[in-house]
Amino acid sequence: MRPPATMLPAPAPALLLLLLIAAAPLSTAFYLPGVAPNDFHKKDPLQVKVNKLSSTKTQLPYSYYSLPFCKPDTIVDSAENLGEVLRGDRIENSPYVFDMREPKMCQIICKASISDKQANELKEKIEDEYRVNMILDNLPLVVPIARPDKDAVVFQGGYHVGVKGQYAGSKDEKYFIHNHLTFLVKYHKDEDSDLSRIVGFEVKPFSVNHQFEEKWDGAKTRLSTCDPHANKIVINSDTPQEVEVGKDIIFTYDVGFEESDIKWASRWDTYLLMTDDQIHWFSIVNSLMIVLFLSGMVAMIMLRTLYRDISRYNQLETEEEAQEETGWKLVHGDVFRPPTNSDLLCVYVGTGVQFFGMLLVTMIFAVLGFLSPSNRGGLMTAMLLIWVLMGLFAGYASSRLYKMFKGSEWKSITLKTAFLFPGIAFGIFFILNALIWGEKSSGAVPFSTMFALVLLWFGISVPLVFVGSYLGFKKPAIEPPVKTNKIPRQVPEQAWYMNPAFTILIGGILPFGAVFIELFFILTSIWLHQFYYIFGFLFLVFIILIITCAEIAIVLCYFQLCSEDYMWWWRSYLTSGSSAIYLFLYAGFYFFTKLQITKLVSGILYFGYMLLASYAFFVLTGTIGFCACLWFTRLIYSSVKID
């Protein structure tokens with residue numbers, strides 16, 4: 001009998017295809033197909049919008065107008081999708097209105113008198129290094145920062161509310177607010193017309209203690225510290241504006257326009273190349289090559305060993321030889337005996353299939369460019385909606401497995417599939433959201449959005465799980481390739497290295513090794529507020545994760561059956577699923593080495609969300625390992641002659 005070809009490593013053409021997919025996001029097509037650019041005539045109004053205040057030290061976003069900044073006559077909230085609300089985005093209009101290609105200097109927005117409470121809030125936000133995020137024509141505001149060591153400019157998303165410092169000759173730390181903003185709008189002009197497209201939005205913030213000699217006359221007041229008529233422009237923060245109770249703060253801005261060779265389709269390159277990506281590329285390619293090599297070796301060893309076993313078993317002729325046989329064939333009468341807590345296993349496998357489908361479809365959309373960073377909240381919205389729709393496959397998978405285990409109460413298994421994982425996830429999310437509410441953060445999900453999530457769950461997901469379960473249960477039961485004995489066989493004493501806890505913990509190392517490099521960049525994008533865009537590489541890592549989970553589970557399952565231990569159902573799930581333990585441990589390592597979170601609530605949020613992510617990773621990888629072992633055991637026991 002020839003060994004099954006499907007266990008061989010990916011051939012060269014398939015590998016080349018994966019590498020081409022990995023390179024796909026490097027093209028400049030970062031936009032949703034069908035989204036048209038905005039063209040502006042000279043003097044057309046440009047409305048700057050303000051987004052949340054964000055901090056990597058607290059992870060708690062706040063509304064822009066929670067601080068005593070200048071407000072427009074009427075504050076208008078922009079329409080936001082589900083993903084934006086869950087991310088804590090709060091996009092509103094602002095008093096900053098420019099005229100296209102019309103530079104302005106020393107424009108006064110307002111004068112604000114700071115109360116005791118407002119001064120404390122400003123100092124707290126400056127202490128926690130909060131940044132102000134703004135948007136112009138769907139482009140986030142960035143601060144250019146020169147890097148002398150690399151003779152290059154890097155860009156920081158948003159500008160800091162203020163800075164801490166000391167006056168010359170003083171050791172007392174003071175808080176200074178950035179009250180003067182020098183904006184630079186870069187545009188690409190059409191050669192055949194007067195139309196322009198915005199391709200860059202930068203700012204340099206300054207702290208200036210503005211003075212005026214005449215009577216205060218609002219925006220018409222002539223400042224002595226910033227007066228273009230007297231050639232006085234703000235170029236430094238030598239006379240900073242201190243945050244003091246009862247002291248007036250005058251907010252001003254300059255805006256300049258600069259023609260750029262950057263085309264509209266490439267305008268996001270600046271944001272996506274914020275970090276040094278050479279290390280990124282080298283690390284990921286290196287990691288993937290190692291994992292592919294290991295997977296190939298494991299697959300070849302398995303094929304050679306199995307081929308020898310099956311040939312030997314099929315050549316046994318005499319009854320004496322058959323009685324002397326050892327190894328995995330000996331447990332053929334028990335290997336398909338339903339496990340303990342089989343209902344729970346069915347539920348977790350169904351949920352894992354749901355996760356697998358969601359990630360696969362989401363990544364395909366992302367690789368094709370539908371979920372670019374320019375579409376704020378699009379990724380999270382897509383994941384939620386696809387998760388809900390994949391309930392159909394969750395119900396189908398759990399009921400098919402349940403019927404194979406001779407179960408009859410399909411409605412019971414359906415309810416557990418529909419409510420177990422989503423219920424636990426929603427419970428953790430609700431507790432964390434209550435903590436965010438307690439901090440009065442704009443990151444708290446409002447009641448209306450919470451109701452929409454529950455509606456998606458009960459109104460769409462649960463019915464789809466029922467439909468899938470009904471369809472799965474109507475199908476004939478999956479029959480095992482060998483008969484199961486009525487009396488369970490006694491499992492012989494196992495060697496120490498076959499201890500379930502030991503093999504399960506060992507089994508999770510390789511799948512985690514396949515993703516941990518990419519995990520660093522994913523955590524950085526989430527917790528350090530950077531853009532993640534290399535979805536092609538992520539898709540490649542996902543494929544490698546599937547291969548490693550399947551192969552490590554099959555190898556350890558094979559060793560387990562060879563030692564005449566037939567209780568493989570749960571162990572196959574836990575073997576690859578244990579990679580979630582390493583993921584959570586790595587999240588703890590990342591927290592203490594890369595993040596500067598000091599607040600207790602922020603720490604609870606971090607570990608709460610990472611616990612949820614690790615739980616989801618457990619369900620996903622466990623299901624992949626289980627399905628691989630189910631296919632493997634059915635394959636090998638159908639390949640030998642059983643008397």
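Per an unreviewed UniProt entry, the recorded name for the protein chain is Transmembrane 9 superfamily member, and the organism is Leersia perrieri. Under Sequence similarities (unreviewed entry), UniProt gives the following word-for-word description of the protein chain: "Belongs to the nonaspanin (TM9SF) (TC 9.A.2) family."

Caption draft 1: The overall build of the protein chain, seen in detail. The helix and strand tally for the protein chain stands at 17 helices and 13 strands. For the protein chain, buried positions account for 50% of its 643 residues. Counting contacts in the protein chain only where the partners sit at least 6 residues apart, residues at least 24 apart contribute 81% of the total. Taken as a whole, the protein chain presents about 30900 Å² of accessible surface, with 62% of it coming from carbon and sulfur.

Caption draft 2: The arrangement of empty space enclosed by the protein in detail. Enumeration over the complete set of coordinates arrives at 3 cavities of 30 Å³ or more. Approximately 50 Å³ is the volume found for the largest cavity. Lining the largest cavity we find T503, A553, L556, C557, Q560, W568, R571, S572, T575 and C629. For the lining of the largest cavity, the secondary structure elements donating two or more residues are helix 14 (535-562) and helix 15 (569-577). Here the lining of the largest cavity takes 4 residues from helix 14, the largest share from any one element. Partitioning the lining of the largest cavity into residue classes produces 5 nonpolar, 4 polar and 1 charged.

Caption draft 3: Here's a closer look at helix 3 (residues 116-127). The terminal C-alpha atoms of helix 3, which comprises 12 residues, lie 17 Å apart, in line with the 16 Å expected from a rise of 1.5 Å per residue. The inward-facing, buried residues of helix 3 abut strand 9 (162-165) and strand 10 (174-177). Backbone geometry just downstream of helix 3 places E129 in the positive-phi region, at approximately 55°.

Caption draft 4: Representation of helix 10 (residues 410-438). Compared with an ideal rise of 1.5 Å per residue, which puts 29 residues at 42 Å, helix 10 spans 42 Å between its outermost C-alpha atoms and is within 8% of the ideal. At G423, helix 10 shows its largest kink, close to 30°. Among the residues of helix 10, those classed as buried are W410, I413, T414, T417, A418, F421, P422, A425, F429, L432, N433 and I436. Against the buried residues of helix 10 lie helix 2 (82-87), helix 7 (342-367), helix 8 (378-389), helix 9 (391-404), helix 11 (447-474) and helix 17 (600-637). Among the residues trailing helix 10, K440 stands out with phi positive, at a value near 55°.

Caption draft 5: Examining the packing of helix 16 (residues 579-594) against helix 17 more closely. Closest axis-to-axis distance for the helix 16/helix 17 pair is 8 Å, and the angle between their directions is 155°. Viewed along their axes, helix 16 and helix 17 adopt a mutual orientation that is roughly antiparallel. Crossing geometry of helix 16 relative to helix 17 is assigned as right-handed. Along its contact with helix 16, which presents S579, A580, L583, F584, A587, G588, Y590, F591 and F592, the element helix 17 presents G603, Y606, F607, M610, L611, S614, F617, F618 and T621.

Caption draft 6: Spatial organisation of the environment of E92. With respect to the helices, strands and loops of the structure, E92 is situated in strand 2 (residues 92-99). Look at E92 and you get buried, because its relative accessible area is 9%. In this structure E92 touches K49, V50, S63, Y65, I75, V76 and D77, once residues within four positions along its chain are discounted.

Caption draft 7: Representation of the pattern of salt bridges in the model. Evaluated as defined, the whole model comprises 18 salt bridges. Note that D39 is salt-bridged to R197, the shortest N-O span being 2.7 Å. Of the two residues, D39 is situated in the loop between helix 1 (12-23) and strand 1 (45-54) and R197 in strand 12 (residues 196-206); the sequence distance between them amounts to 158 residues. Between E244 and K247 there is a salt bridge, with the nearest N and O atoms lying 3.1 Å from each other. A residue is classified by how much of its surface remains accessible, and E244, at 29% relative accessible area, is partly exposed. For K247, a relative accessible area of 32% puts it in the partly exposed group.

Caption draft 8: Structural context of the packing of aromatic side chains. Enumeration according to the criterion identifies 50 aromatic pairs in this entry. When the centroid spacing of 6.0 Å and the interplanar angle of 75° are considered together, the rings of F69 and F251 count as edge-to-face. Here the residue F69 occupies a position in the loop between strand 1 and helix 2, and F251 occupies one in strand 13 (residues 248-259), the gap between them amounting to 182 residues. Summarising the burial analysis for this pair, F69 and F251 share the class buried. Seen in terms of ring centroids, W568 and W569 are 4.2 Å apart; in terms of plane orientation they differ by 25°. Their pairing is stacked. The ring of Y62 is capped by K125, whose NZ or CZ atom sits 4.2 Å from the centre of that ring.

Caption draft 9: Summary view of the packing of helix 10 against helix 17. The N-to-C vectors of helix 10 and helix 17 enclose an angle of 170°; their axes lie 10 Å apart at closest approach. Judged by the inter-axis angle, helix 10 sits roughly antiparallel to helix 17. Across the interface between the two elements, F421, I424, A425, I428, F429, L432, L435 and I436 of helix 10 pack against V601, I604, L605, G608, Y609, L612, Y615, A616 and V619 of helix 17. For the contact of helix 10 with helix 17, the class distribution of residues is 16 nonpolar, 1 polar and no charged.

Definitions and limits used
Residues numbered from 1 in each chain as written. Predicted model: local features only at pLDDT ≥ 70, side-chain atom pairs only at ≥ 80, totals over all residues. Heavy atoms only, no water. UniProt positions renumbered as here; feature names shortened; annotations may be inferred. Helix = DSSP H or I, 4+ residues; strand = E, 2+ residues; numbered from the N terminus. Buried < 20%, exposed > 50% of the residue type's maximum accessible area, 1.4 Å probe, protein only. Contact = heavy atoms within 4.5 Å. Areas by Shrake-Rupley, 256 points an atom, 1.4 Å probe, with all protein chains shown as cover. 1 Å grid on protein atoms, 1.4 Å probe; cavity = no way out; pocket = protein on both sides within 12 Å on 5 of 7 lines; lining within 4 Å. Points joined across faces, edges and corners; volume = space filled by probe spheres on them. Nonpolar A, V, L, I, M, F, W, Y, C, P; charged D, E, K, R; others polar. Expected span 1.5 Å × (residues − 1). Bend = angle between axes of the 7 residues up to and from the residue. Axes fitted to C-alpha atoms, helices over the stretch in contact; angles between N-to-C directions. Parallel < 35°, antiparallel > 145°, perpendicular 65-115°, else oblique. Left-handed = near helix turned anticlockwise from the far one by under 90°. Salt bridge = Lys/Arg side-chain N within 4 Å of Asp/Glu carboxyl O. Phe/Tyr/Trp six-rings, centres within 6.5 Å; stacked < 30°, edge-to-face > 60°. Lys NZ or Arg CZ within 6 Å of the ring centre and 35° of its normal.

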